[in-house]
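What the coordinates show
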Amino acid sequence: MNQSFQEAWALLPDYLSQHVILSVSALILGVAISVPLGIVAARSKGIGAPVLGLVSVIQTIPGLALLALFYPLLLALSSLTRDLFGISFRALGFLPALLALTLYAMLPILRNLVTALNGLDPAILMAAKGVGMTPRQSLYKVELPLAAPQLLAGIRTATVWVVGITTLSTPIGQTSLGNYIFTGLQTENWIFVLFGCVAAAALAMVLDFLLAVAGAALSAGSRPRLALAGMGLIVLIAAALVPGLIHPSARGVVIGAKNFDEQYILADVMADRLRQSGFAVSQKIDLGSTVALRALAASDIDAYVDYSGTLWGDAMHRTDMPGRQAMLAQLKSWLAQRHGVALVGSLGFENAYVFAMRTDRAKALHIQSLADIAAHPDLMIGGDFEIFSRPEWRRVAVAYGLSTMRRRQYQPDFLYRAVMSGDADLVSAFSSDGRIARYGLTILDDPKGALPPYDAVLLVGPAHAHDKRFLESLRPLVGAIPLPLMQQANLMVDRDQDKRTPGQTAAWLEARIAQDHPQ
Amino acid sequence: MGFHKNLPDPLIEIRDVSKAYGGSGKEGVSGLTLTIRQGEFLVLIGPSGSGKTTTLNMINRLVEPDRGTIWIEGRNVAETDPVQLRRGIGYVFQEAGLFPHMTVAENIAVTPRLLGWDEARIQARIEELLTLVQLDSGAFHERRPQRLSGGQRQRVALARALAVRPHILLLDEPFGALDPVTREAVAADVRDIQQSLGLTTMMVTHDMTEALLLADRIAVMREGTLVQTGTARELVNHPADSFVAQLIETPRRRAQALAKTLAL
């Protein structure tokens, strides 16, 4: 526990810095857009109503979805500008997060400003005109100053929202305090989750407090207090920029990881090996499952581990099942031709979709394989967020007649809890997960071969697909990690007692690989 | 502002001016003709909705007439720049219309700043005006309007209206919100200042007592038209119709009732 805390503390400068930079940028951009827009909207009902309506609708889109939507949007835009002007930009990370958060910041600012401007005393506006102000002078000298307190209240609301929602930018590849939360949720490291929440809340409160002081100073006309609040904000932002200056953004090569333990461990192993070969390495973790390949193709990341069945279904959109070796061969040539991505090889284990039951329950119901499930129509199946919309499930459902089965979805880590507690009778699981053995779950056979193979494969992006030194430093991993070894490594991170961090586990795994495959 | 020299007489001339508001409860004006001489204090009186404020607001183009012309010092106001026109005319609004986010000094300095006066001149003028409206600079200079009494607000509004030494002063029910004692004191001061500065003044009110006390000449309006103009004596002696007679009777009736009560 203490160790988790120390680890979290060590990551704070980087995470907090990136979080502050992103949140503050989005807020500044939000204010810069909303204030002129609000002025126009307040003066013209024809513009005001649709603009406010649109911004309100945007607000109803869940934060994670809005952030996720900006990634493919920017990707398409980037390829368009590349074709038209030869300019492409990074569609992952900062930019999509910035745009989505800016949209979020807009509603409270815009709505408060429009309400304030429309609510001004007509007698005061008449007086402004009467003393000889032009419309512009009336706006700057009278209307905006009088609307300022409400505008500031809107900015404060936006600040609290944006600082909170910034944590959701982690899955689209932008480091933030959300990294604590997403990583913590995956590794059941509640210290991390709590640390992330507290840090984000504290940041929101500090920013809100400084803005409140600025607002009070503004309405009291107190220059010293206003200066103090301004100084506080500047110091905070400057402090946030420091880690970026100390570690200049020598991006080096970027290792990607999806959002689960195995991926964190393997990314650490790859990063270590590349460092030993003299590369400067950074990591982008917690990428969405399908975001990862696009990020690799776009060179936002340079290498990561994916799974053959996932690529086959999600990227190639294939539903046929040609067999393990043929699938790998076709994947390899498709990846090279389509994306310039090198499939270096299989690591030696499979992380397949399987279905698991409590052993006592399986025995009681005489269930050994998926074929036995249909006889028990009242069973409840638990799945992760994607399984029921994946082709694998459709194939299983058709092959074994499970289409009408009752379903529930869980955050992956809670699946095991659900099956152990009886909330679900059987659950989807991953074959390399160490917890299958730990909880003594029975894996149901797949006699009809409805589930494809999921060999862990090492992928390298276009920039290094022909980089000998890069490829050679990773190649020793090919075929070096058998299933039991990976399960053991995963369990070290997942278990509740004697829990290890992914970094520690990676070191352990490397030692085991070196021991098994002396070079 | 070239209209400050060789002032002709009349100073403000309203010729056959009309303004209609479609349907709403706003006060329209139809075919109004009225002249105000230099240095004259003219009070425009009538019940609410009779078009008094609309008439006043057409003089500095806060309201544009549908028909007719208004001349100030020989110039057609429709051909002047409305912003420049307003800066050259003092205006005291109903319930003062002070800017709540500005101090007393800042309120007074609004028009001088718009005209780009230098700061020393502005500061000197603020002191001069605070003295003129009998407010102590030390106590009021930095005060915000919400910390002023009604009478103090009207004094500041008057100072603001006079800041750039206009020749014309427009007052829209300036004493309406004041208690009777304050009203009398402020009204008396307004009259003194008006006379000492020789301001051509047009004031809107619905209170005949106020009109009788302040006005050189009274113009009575009803439903957007001018019913009668004349001095207080002319109106009392020769009311144009029963409406004017009734209007002029009100203060007299009150005075008689009061005398009767006191005599008891």
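Below: a short report on this structure.

About the criteria used
- Residues numbered from 1 in each chain as written.
- Chains lettered and ligands numbered in written order.
- Predicted model: local features only at pLDDT ≥ 70, side-chain atom pairs only at ≥ 80, totals over all residues.
- Heavy atoms only, no water.
- Patch = residues over 30% accessible without salt bridge, like charges linked within 9 Å, V, L, I, M, F, W, Y side chains within 5 Å.
- Areas by Shrake-Rupley, 256 points an atom, 1.4 Å probe, with all protein chains shown as cover.
- Salt bridge = Lys/Arg side-chain N within 4 Å of Asp/Glu carboxyl O.
- Helix = DSSP H or I, 4+ residues; strand = E, 2+ residues; numbered from the N terminus.
- Core = buried A, V, L, I, M, F, W, Y, C linked by side-chain atoms within 4.5 Å.
- Buried < 20%, exposed > 50% of the residue type's maximum accessible area, 1.4 Å probe, protein only.
- Contact = heavy atoms within 4.5 Å.
- Pairing = 2+ DSSP bridges.
- Axes fitted to C-alpha atoms, helices over the stretch in contact; angles between N-to-C directions.
- Polar contact = N/O pair within 3.5 Å; in protein donor to acceptor, adjacent residues only side chain to side chain.
- Parallel < 35°, antiparallel > 145°, perpendicular 65-115°, else oblique.
- Left-handed = near helix turned anticlockwise from the far one by under 90°.
- Nonpolar A, V, L, I, M, F, W, Y, C, P; charged D, E, K, R; others polar.

Here we take up a nonpolar patch on the surface. There is a patch of nonpolar side chains on the surface, built from L77, L80, L84, F85 and I87 of chain A and spanning about 540 Å² of accessible area. With respect to the element layout, L80 of chain A can be found in helix α3 (residues 63-85).

Let us now look at the nonpolar core. Residues and elements named next belong to chain A. Judged by nonpolar contacts, the single largest core of 62 residues is most densely connected at L347, F355, W393, V396, L474, I481 and L509. Ranked by residue count, the leading element in this core is helix α10 (residues 261-276), at eight residues. Excluding anything up to four places from it in sequence, I481 contacts L266, L347, G348, F349, M486, L509 and I513.

Residue and element names in this part refer to chain A. The strand order β7-β6-β8-β5-β9 describes an open sheet built from five strands, whose pairing is mixed. Strands with a single pairing partner mark the edges of an open sheet, and in this sheet they are β7 (406-409) and β9 (441-443). For this sheet, the mean angle separating the axes of adjacent strands, direction not counted, is 35°. Summarising the sheet, strand β6 (residues 380-383) and β7 pair through four bridges and their orientation is parallel. Looking at the pairing, M380 lines up with R406 of β7. The strands touched by helix α16 (residues 412-421) are β5 (353-358), β6, β8 (426-430) and β9; relative to β8, the strand with the most contacts, the crossing angle is about 150°.

Bringing the environment of T166 of chain A into the picture now. Residues and elements named next belong to chain A. Tracing the backbone through its elements, the reader meets T166 in the loop between α6 (135-165) and α7 (178-186). Residues contacting T166, with those up to four places away along its chain left out, are H19, L22, S23, L101 and S176. Within the structure, the side chain of T166 is placed 2.6 Å from the backbone oxygen of V162, a separation counted as a polar contact.

All names here are of chain A. In the contact formed by helix α5 (residues 122-130) and α6, the axes pass within 10 Å of each other and the chain directions differ by 160°. By the criterion of interaxial angle, the relationship of α5 to α6 is roughly antiparallel. Crossing hand, α5 versus α6: right-handed. The segment α5 lies against α6, with I124, L125 and A128 engaging S138, V142, E143 and L146. Split by residue class, the contact of α5 with α6 holds five nonpolar, one polar and one charged.

Although it is not a glycine, D286 of chain A sits at a positive phi angle of roughly 65°. Topologically, D286 of chain A is positioned in strand β2 (residues 281-287). Residue classification places D286 of chain A among the buried residues on the basis of a relative accessible area of 1%. Backbone geometry at E223 of chain B places phi at a positive 45°, although glycine is not the residue there. Within the fold, E223 of chain B resides in the loop between β9 (217-222) and β10 (225-230). When its relative accessible area of 68% is taken as the criterion, E223 of chain B is described as exposed.

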